[in-house]
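Here is what each chain is made of, one letter per residue.
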Amino acid sequence: MATARQPAPEAAAAGPQLGAGGAAAAAAPEPLRIDLPELTLWQRLLLNLRAARARAYVRVVATGRELSWLAFEVAMPILSAAAYVYIYEALGAPPRYTGFVLLGGAMTAYWMNVLWAMASQFYWEKQSGLLETYFLAPASRVALLLGMASGGIFMSTSRAASTLIAGSLIFGVRYEVVSWPLAILAFVLTLSALYCLGMLFSSLFLMYGREAWHMSNALQEPVYLASGFYFPVRALGFWTALGASVIPLTLGLDAMRQLMFGAPDIAFLPVGWELLGLTVLTVVYFVLALRALAAMEHLAKREGRLTLKWQ
Amino acid sequence: MAVETGTTPAPAAGSGPAVSWRERWQTFRMSAWLGWQVESNWADPLLFAIYSMAKPIAGALILVIMYRVVGGESAQALFPGMYIGNALFMYVGALMFGVSWVVLEDREFFQLLKYIYISTAGMFWYLCGRAVAKFLVTTVAVVILLVFGAAFLGVPLHLGQINWGLFAAVFPPGLLGIVGFGFLLAGVLLISARHGSGYVESVSGALYLLSGVVFPLDVLPGWLQAVGKVIPVTYWLEGLRRALLGGTYTQALAGFSDSRLVLTVAVTGVVTLAVSVLFFNRMADVARSRGLIDQLTEH
């Protein structure tokens with residue numbers, strides 16, 4: 001970090017001349033130029049990895065430091081899931097629907113994290129007065145987003161796992177795992193695609209003020225509906241479910257339900273196709289996020305929105 | 001300058017006259033207008049309308065699809081009561097959130113709470129006014145949901161068959177109780193850090209489960225049913241379902257006649273509001289004594 005801040009030799013030499021008074025003052029004013037030294041590829045990689053680690057560190061530490069989250073972020077999804085479990089119970093649905101609901105309830109932790117701690121994060125940073133510091137830092141914004149994502153995944157996984165374990169015990173959910181490796185692969189690919197989507201949203205939301213808050217708020221229930229958080233997405237019909245597959249959780253949840261509850265009869269697509277779809281979504285969203293970040297950063301600077309608070 | 005710590009006018013020693021009802025009304029009116037602006041002025045009207053409708057309609061459709069996935073006679077029988085309960089529960093979430101979230105928003109984001117606190121009419125009427133905007137937006141959403149349900153989902157709602165007397169007797173006092181819950185939470189948030197928003201969501205989630213919003217209370221285990229029976233919202237929803245659909249939805253409340261239900265809702269609504277306001281005033285005093293009125297937790 002210090003290396004990047006050191007002035008180039010010519011700029012250092014210019015310093016005393018500018019400060020010398022008379023002669024320098026009389027000369028035509030020249031803009032002060034501080035050239036940052038070129039970093040090698042290795043140095044740049046190291047710098048960005050450190051930035052990512054630093055951004056992730058906050059979230060990792062916060063997970064264990066403030067245990068009040070247990071009350072809200074484990075109990076809350078269980079309360080919501082419980083309401084849906086009792087609906088299915090009232091309707092006399094097969095017991096595996098309890099598992100479907102619980103898995104969906106646990107995965108809400110990731111969607112909420114993507115919305116509120118990825119997509120809207122730059123809005124929060126703007127309100128806190130930290131956003132300009134990010135943009136002044138020599139590290140890449142992508143490194144910061146990757147740090148946010150990895151920290152967010154750690155944080156959300158602790159919540160989702162707690163919800164799943166506690167909920168399974170409370171409601172007596174029975175799993176019939178078809179293939180652990182495939183289930184883990186489906187989970188990993190779902191998170192990859194989801195957090196790349198979060199990075200894309202983060203870039204787009206960079207321009208937003210209060211709209212960021214409202215947009216995140218508005219993207220909760222409609223996505224719970226479209227992605228089938230509480231019912232098999234096949235119930236929406238093939239084409240609607242296909243359209244909803246732009247949200248990685250649609251394919252991810254369907255694949256995980258097939259693999260963890262041995263329920264091919266509720267499948268929207270075969271697992272192989274869903275894993276392929278998630279891989280494609282990961283690549284597409286990552287590339288789009290890179291492009292959008294550059295474009296929106298430029299736009300936000302031009303319109304002076306990076307430091308605009310309370311709008 | 002008059003300084004008020006709660007609902008009752010409490011001018012500082014040697015300051016001007018007590019706060020008049022006219023001033024309270026003015027605060028209420030202006031904060032209602034402010035609430036509407038904060039709610040709506042971030043988007044053009046069309047986008048705001050879509051935004052306001054998207055959440056409730058999506059929430060209702062989740063339940064519709066769950067009922068349709070399972071199907072069967074019991075699903076058909078329970079569906080209208082579930083649909084009505086889910087639509088009306090929007091008031092609970094919106095009003096509780098509307099009253100309490102303002103404390104966090106004005107303290108942490110806009111950093112205005114301290115000015116509200118030292119203003120003439122104080123926080124009580126300000127918070128009541130801010131809830132009005134939420135009430136209006138929610139009413140539009142509820143009406144649209146009910147019309148949608150009647151038109152496309154077979155919910156048997158007919159204007160001529162609605163028991164308007166029962167509706168008028170149950171609806172307003174229930175709202176008082178819900179606003180009371182909002183003040184209870186606002187009091188908690190006055191002495192909490194920013195993450196206190198979790199309290200609001202937790203209470204709302206608990207009420208959603210325990211009040212039998214989307215299934216009859218009878219489905220819950222006995223001890224949860226007992227908890228549900230001490231929550232005013234349970235009776236409010238049962239009363240409104242009877243008014244709109246006729247008949248009894250929750251067998252656990254079948255022993256309640258309509259008049260007993262009205263009385264229960266009225267008493268619990270007024271008591272909840274009164275206790276909550278006392279609690280809120282107490283928390284306002286605690287917050288002031290601990291220097292929390294203008295805290296910025298950045299949390």
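Rules used throughout
Residues numbered from 1 in each chain as written. Chains lettered and ligands numbered in written order. Predicted model: local features only at pLDDT ≥ 70, side-chain atom pairs only at ≥ 80, totals over all residues. Heavy atoms only, no water. Helix = DSSP H or I, 4+ residues; strand = E, 2+ residues; numbered from the N terminus. Rg over C-alpha atoms; globule rule 2.2 N^0.38 Å. Buried < 20%, exposed > 50% of the residue type's maximum accessible area, 1.4 Å probe, protein only. Contact = heavy atoms within 4.5 Å. Expected span 1.5 Å × (residues − 1). Bend = angle between axes of the 7 residues up to and from the residue. Polar contact = N/O pair within 3.5 Å; in protein donor to acceptor, adjacent residues only side chain to side chain. Core = buried A, V, L, I, M, F, W, Y, C linked by side-chain atoms within 4.5 Å. pLDDT = per-residue confidence, 0-100. Buried area = accessible area lost by both parts, 1.4 Å probe. Salt bridge = Lys/Arg side-chain N within 4 Å of Asp/Glu carboxyl O. Patch = residues over 30% accessible without salt bridge, like charges linked within 9 Å, V, L, I, M, F, W, Y side chains within 5 Å. Areas by Shrake-Rupley, 256 points an atom, 1.4 Å probe, with all protein chains shown as cover.

A. Just the overall build of chain B, in detail. Helices and strands together make up the secondary structure of chain B, namely ten helices and zero strands. Reading the secondary structure of chain B in the N-to-C direction produces α-α-α-α-α-α-α-α-α-α. Computed over the C-alpha atoms, the radius of gyration of chain B is 20 Å, within 12% of the 19 Å expected from 2.2 N^0.38 for a compact globule of 299 residues. For chain B, the spread of C-alpha atoms along the three principal axes comes to 70 × 45 × 35 Å. Out of the 299 residues in chain B, the part that is buried amounts to 56%. Taking as baseline every contact in chain B between residues at least 6 positions apart, the subset at least 24 positions apart corresponds to 76%.

B. Region of interest: helix α6 (residues 96-119) of chain A. Residue and element names in this part refer to chain A. In a regular helix each residue adds 1.5 Å, so 24 residues correspond to 34 Å; α6 covers 33 Å between its end C-alpha atoms and thus fits that length. Of all the bends in α6, the greatest, near 30°, is centred on asparagine 113. Within α6, 22 of the 24 residues are buried, leaving the element largely enclosed by the surrounding structure.

C. Geometry of unusual backbone geometry. Residue and element names in this part refer to chain B. In the Ramachandran plot, glutamine 111 falls in the positive-phi region, its phi being about 55° despite a non-glycine side chain. Tracing the chain through its elements places glutamine 111 in the loop between α3 (73-109) and α4 (113-117). What makes glutamine 111 partly exposed here is its relative accessible area of 27%.

D. Layout of the side chain of B:Arg130. Residues and elements named next belong to chain B. Structurally, the position occupied by arginine 130 is in helix α5 (residues 122-152). Assessed through its relative accessible area of 6%, arginine 130 is described here as buried. Side-chain polar atoms of arginine 130 contact the side chain of glutamate 105, separated by 3.2 Å.

E. Structural detail: the nonpolar core. A:Trp111 and B:Trp236 are the most contacted members of the largest nonpolar core, which has 183 residues in total. Counting residues per element, this core draws most heavily on α3(B), at 20 residues. The contacts of A:Trp111, once residues within four sequence positions are left out, are A:Leu194, A:Leu197, A:Phe201, A:Leu219, A:Gln220, A:Val223, A:Tyr224, A:Phe229, A:Ile247 and A:Leu249.

F. Region of interest: the confidence of the model for chain B. Residues and elements named next belong to chain B. Taken over all residues, the pLDDT of chain B has a mean of 86, while the share at 70 or more is 92%. Predicted confidence is poor over residues 1-14, with pLDDT under 50, and the contacts of this stretch with residues over four places away or in other chains come to 32 contacts. Interface confidence for the predicted complex, given as ipTM, is 0.80, next to a pTM of 0.81.

G. Molecular detail of the interface of chain B and chain A. Contact residues are listed per partner, giving 44 residues for chain B and 34 residues for chain A. For the chain B and chain A pair, buried surface summed over both sides reaches about 3,600 Å², with 74% attributable to carbon and sulfur atoms. On the surface where chain B and chain A come into contact, there are one salt bridge. Taking the shortest distance from any N to any O, the salt bridge between A:Glu221 and B:Lys55 comes out at 2.9 Å. Taken together, chain B and chain A are joined by four residue pairs in polar contact (both at pLDDT 80 or more).

H. Quick peek at the confidence of the model for chain A. Taken over all residues, the pLDDT of chain A has a mean of 82, while the share at 70 or more is 87%. Predicted confidence for residues 1-26 of chain A stays below pLDDT 50, and this span has 25 contacts to residues more than four positions away or in other chains.

I. Looking closely at the pattern of salt bridges. For the coordinates displayed, the defined rule picks out eleven salt bridges over all chains. In this structure, A:Glu125 engages A:Arg55 in a salt bridge whose closest nitrogen and oxygen atoms are separated by 2.9 Å. Note that A:Glu125 is positioned in helix α7 (residues 121-128) and A:Arg55 in helix α4 (residues 41-65), a separation of 70 residues in sequence. What makes A:Glu125 buried here is its relative accessible area of 5%. On the basis of relative accessible area, A:Arg55 is assigned to the buried category, the value being 9%. One salt bridge in this structure joins B:Arg130 and B:Glu105, with 3.2 Å as the shortest N-O distance. Taken together, the residues B:Arg130 in helix α5 and B:Glu105 in helix α3 connect sequence positions 25 residues apart. Put simply, A:Arg141, A:Glu297 and A:Lys301 are held in one network by salt bridges that share partners.

J. Molecular detail of a nonpolar patch on the surface. All names here are of chain A. A surface patch of nonpolar side chains, about 490 Å² in accessible area, is lined by Trp273, Leu276, Val280, Val284 and Leu288. Mapped onto the elements, leucine 276 comes out in helix α15 (residues 271-302). Using a relative accessible area of 47% as the deciding quantity, one classes leucine 276 as partly exposed.

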